[in-house]
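Structural overview for review
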Amino acid sequence: MIDLCRDSRHLPGMLNTGPLKQFLEDQMPAALGILRRMVEINSFTGNRVGVNQLGRFTAQCFAPLGFSAEYVPSANPAWGDHLVLTRRGCSSKSLALISHLDTVFPPEEEERNNFRWQLEGDRIFGPGTHDIKGGSVMMWLVLSALQVQFPKLFANITWKLIWNSSEECYSPDFAEVCRTHFDDGTLAALVFESEGRLDNIPQLIVARKGRGTWRATVGGRGSHAGGKHAHGVNAIVQLGRTVQRIAALTNYERGLTVNVGTINGGTVLNRVPHEAVAEGEFRAFTPEVFMQAKQDLLALAGPGEVHSSADGYACKVQIEILTESAPWPRNPGTDGLFQLWKQTADELGLALNCEERGGLSDGNLIWDVVPTLDGLGPWGDNDHCSERSPDGSKLPEFVEASSFVPKAVLNIAALQKLCGS
């Protein structure tokens, strides 16, 4: 459990936010300039060259703050390098700040939908503005302010900034990258995914669902659809029954969702299909529900009920678990960090709540190693969307420029408490 550092130096009113806010406002043109450069670099996970280009540019942005760069090759050679930036401090205390380099938008999609940097009032549209390049800029903004406004704190802490090159895909090797760079003095891991909002109140993330992916393969028996229909065993028909059972495992009360994502089967219309395949995912907040869902899925394997009327030959159902990302459940370390941020928000006169989010982040990989808090980035919306419709019913990803400074003030004030300085 972390030491919340509640001493008399941090009573309400101790932090004079006027100069800090002014400094941050003065830094915003530079911050948005960095964000624009980042957004203009396509860093789709599969675009290894683009991801590495963004990694090098990110390192250049933090170099004036005294950070040295290390590039860690991904376990998947088709993906870019993970990025680790380190600035050694004077004490044994360290903090890890986490973000990622990749987005979900291939270059051709950005071009097709004319999805690029576009400023409209307070909203900045563009790939990664919200998920997560805006969070990377928030890290730069916070550390720039600490260096100038609170130089003693900045110099005292060893800062470790770690970017995943492939967060939008399955990248379990990033867990080892983080754990290798954590040490006994690591106070916390702070993940700079964007904050949530409910009734316009910011929300930090204190838990995330785990995710498993599955494949159901049905083997039937092919035959002529006209001349020997009774001899055939239709794999698609069996798969239709199987996926209904899979979908029925969803239990909202237990926080469990099971999704059938794709179905493929058959070859030509005059043949009883001999094979069909479905793939999907399941998600749950707690390890117990997650493991039960996995067992329930695997239990659906075995003989099917679709069979040949000619000789009784039955379909065979095979279930595979393809990948697993464990849940990040509520835990004392994360709750302690949130209470520190909440206390700070109260002292600053800011509203703040917490949420348990269904999507994954790098926090799922590290929460059990050091206390971890997520949602420390700015506010935006429509992540993973590049489309815009004339009637406004579809809008692409955006970040709100006005959300940077208030969130940076909160993060800086909470860091003062966390670091005890």
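Residues numbered from 1 in each chain as written. Predicted model: local features only at pLDDT ≥ 70, side-chain atom pairs only at ≥ 80, totals over all residues. Heavy atoms only, no water.

Brief notes about the overall build of the chain
Of the regular secondary structure elements, the chain holds 11 helices and 20 strands. For the chain, the spread of C-alpha atoms along the principal axes amounts to about 85 × 45 × 40 Å. Across the chain, every contact between residues at least 6 apart in sequence was considered, and the portion connecting residues at least 24 apart equals 79%. In the structure as shown, the chain presents an accessible area of about 18,000 Å², 52% of it carried by carbon and sulfur atoms. Between the centroid of the 38 positive side chains of the chain and the centroid of its 48 negative side chains there is a distance of 2 Å. (Helix = DSSP H or I, 4+ residues; strand = E, 2+ residues; numbered from the N terminus. Contact = heavy atoms within 4.5 Å. Areas by Shrake-Rupley, 256 points an atom, 1.4 Å probe, with all protein chains shown as cover. Lys, Arg positive; Asp, Glu negative; His and termini not counted. Charge placed at Lys NZ, Arg CZ, Asp CG, Glu CD.)

Here's the deal with the confidence of the model for the chain
Per-chain confidence: the chain averages 95 in pLDDT, with 96% of residues scoring 70 or above. Here residues 1–14 scores under 50 on pLDDT; set against residues more than four positions off or in separate chains, the count is 26 contacts. (pLDDT = per-residue confidence, 0-100.)

Some points on empty space enclosed by the protein
Considering all chains together, one arrives at 1 cavity of 30 Å³ or more under this definition. Reported here for the largest cavity is a volume of approximately 30 Å³. Around the largest cavity sit Gly266, Thr267, Val268, Arg271, Pro273 and His274, which together line it. When grouped by side-chain class, the residues that make up the lining of the largest cavity number 2 nonpolar, 3 polar and 1 charged. (1 Å grid on protein atoms, 1.4 Å probe; cavity = no way out; pocket = protein on both sides within 12 Å on 5 of 7 lines; lining within 4 Å. Points joined across faces, edges and corners; volume = space filled by probe spheres on them. Nonpolar A, V, L, I, M, F, W, Y, C, P; charged D, E, K, R; others polar.)

Examining the environment of Ser166
The topology assignment puts Ser166 in the loop between strand E6 (158–164) and helix H6 (173–181). Residues Ser166 and Ser74 lie 92 residues apart in sequence; the distance between their C-alpha atoms is 8.2 Å. With near-sequence residues (within four places) excluded, Ser166 lies in contact with Thr45, Ser74, Trp79, His82, Asp102 and Ser171.

Concerning helix H4 (residues 133–149)
The end-to-end C-alpha distance of H4, which contains 17 residues, comes to 24 Å, matching closely the 24 Å that a straight helix rising 1.5 Å per residue would cover. Most of H4 is tucked away: 14 of the 17 residues are buried. (Expected span 1.5 Å × (residues − 1). Buried < 20%, exposed > 50% of the residue type's maximum accessible area, 1.4 Å probe, protein only.)

Some thoughts on the sheet that holds strand E5 (residues 123–125)
Overall, antiparallel pairing links the 4 strands, which are arranged E4-E5-E20-E19 in an open sheet. The open sheet has two edge strands, strand E4 (118–120) and strand E19 (380–381), and neither has a second partner. Examined bridge by bridge, E5 and strand E20 (residues 398–400) share 3 bridges and lie antiparallel to one another. Residue Ile124 lies in a different strand from E20, and its bridge partner there is Val399. (Pairing = 2+ DSSP bridges.)

Describing the pattern of salt bridges
Applying the stated rule across the entire model yields 23 salt bridges. Two residues, Glu195 and Lys407, come together in a salt bridge whose shortest N-O distance is 2.9 Å. Of this pair, Glu195 sits in the loop between strand E7 (186–191) and strand E8 (196–198) while Lys407 is found in helix H11 (residues 404–419), placing the two residues 212 residues apart along the sequence. The class of Lys407 is buried, set by a relative accessible area of 4%. Of the charged contacts in the structure, one is a salt bridge between Glu324 and Lys294, with a shortest N-O distance of 2.8 Å. Residue Glu324 is located in strand E16 (residues 314–325), and its partner Lys294 is located in helix H8 (residues 287–298); the two are separated by 30 residues in the primary sequence. Residue class for Glu324 comes out partly exposed when judged on its relative accessible area of 33%. (Salt bridge = Lys/Arg side-chain N within 4 Å of Asp/Glu carboxyl O.)

Points about the nonpolar core
With 66 residues, the main nonpolar core has Phe62, Leu143, Leu146, Trp159, Leu161 and Trp341 as its most contacted residues. Aside from chain neighbours lying at most four places away, what touches Phe62 is Phe67, Leu85, Ser136, Met139, Trp140, Leu143, Leu161 and Trp163. Counting 22 residues, the second largest nonpolar core, distinct from the first, contains Ala276, Ala284, Phe290 and Ala293. (Core = buried A, V, L, I, M, F, W, Y, C linked by side-chain atoms within 4.5 Å.)

Quick notes on the packing of helix H1 (residues 17–39) against helix H2 (residues 48–62)
Viewed as axis vectors pointing N to C, H1 and H2 meet at an angle of 165°, and their least axial separation amounts to 10 Å. By the angle between their axes, H1 is roughly antiparallel relative to H2. As H1 packs across H2, the resulting crossing turns out to be right-handed. Taken together, the residues of H2 that come into contact with H1 (itself represented by Ile34, Arg37 and Met38) are Leu54, Phe57, Thr58 and Cys61. Broken down by class, the residue content of the contact of H1 with H2 amounts to 5 nonpolar, 1 polar and 1 charged. (Axes fitted to C-alpha atoms, helices over the stretch in contact; angles between N-to-C directions. Parallel < 35°, antiparallel > 145°, perpendicular 65-115°, else oblique. Left-handed = near helix turned anticlockwise from the far one by under 90°.)

Quick notes on the side chain of Lys294
Accessibility expressed as a relative area gives 19% for Lys294, which makes it buried. Not counting chain neighbours up to four residues away, the residues in contact with Lys294 comprise Phe282, Ile321 and Glu324.

Points about the sheet that holds strand E10 (residues 210–219)
Taking strand neighbours across the sheet as the criterion, the 5 strands line up as E12-E14-E10-E16-E15 in an open arrangement whose pairing is antiparallel. At either end of the open sheet lies a strand with only one pairing partner, and these are strand E12 (257–265) and strand E15 (302–307). When strand polarity is set aside, the average angle formed by the axes of neighbouring strands in this sheet is 25°. Both E15 and E16 contribute to a ladder of 3 bridges, which runs antiparallel. For His307, the partnering residue across the bridge sits in E16 and is Ala314. Each of E10, E12, strand E14 (275–284), E15 and E16 touches helix H7 (residues 235–247); the most contacted strand, E12, lies at about 170° to it. Contacting E10, E14 and E16, H8 runs over the sheet at an angle of about 155° to E16.

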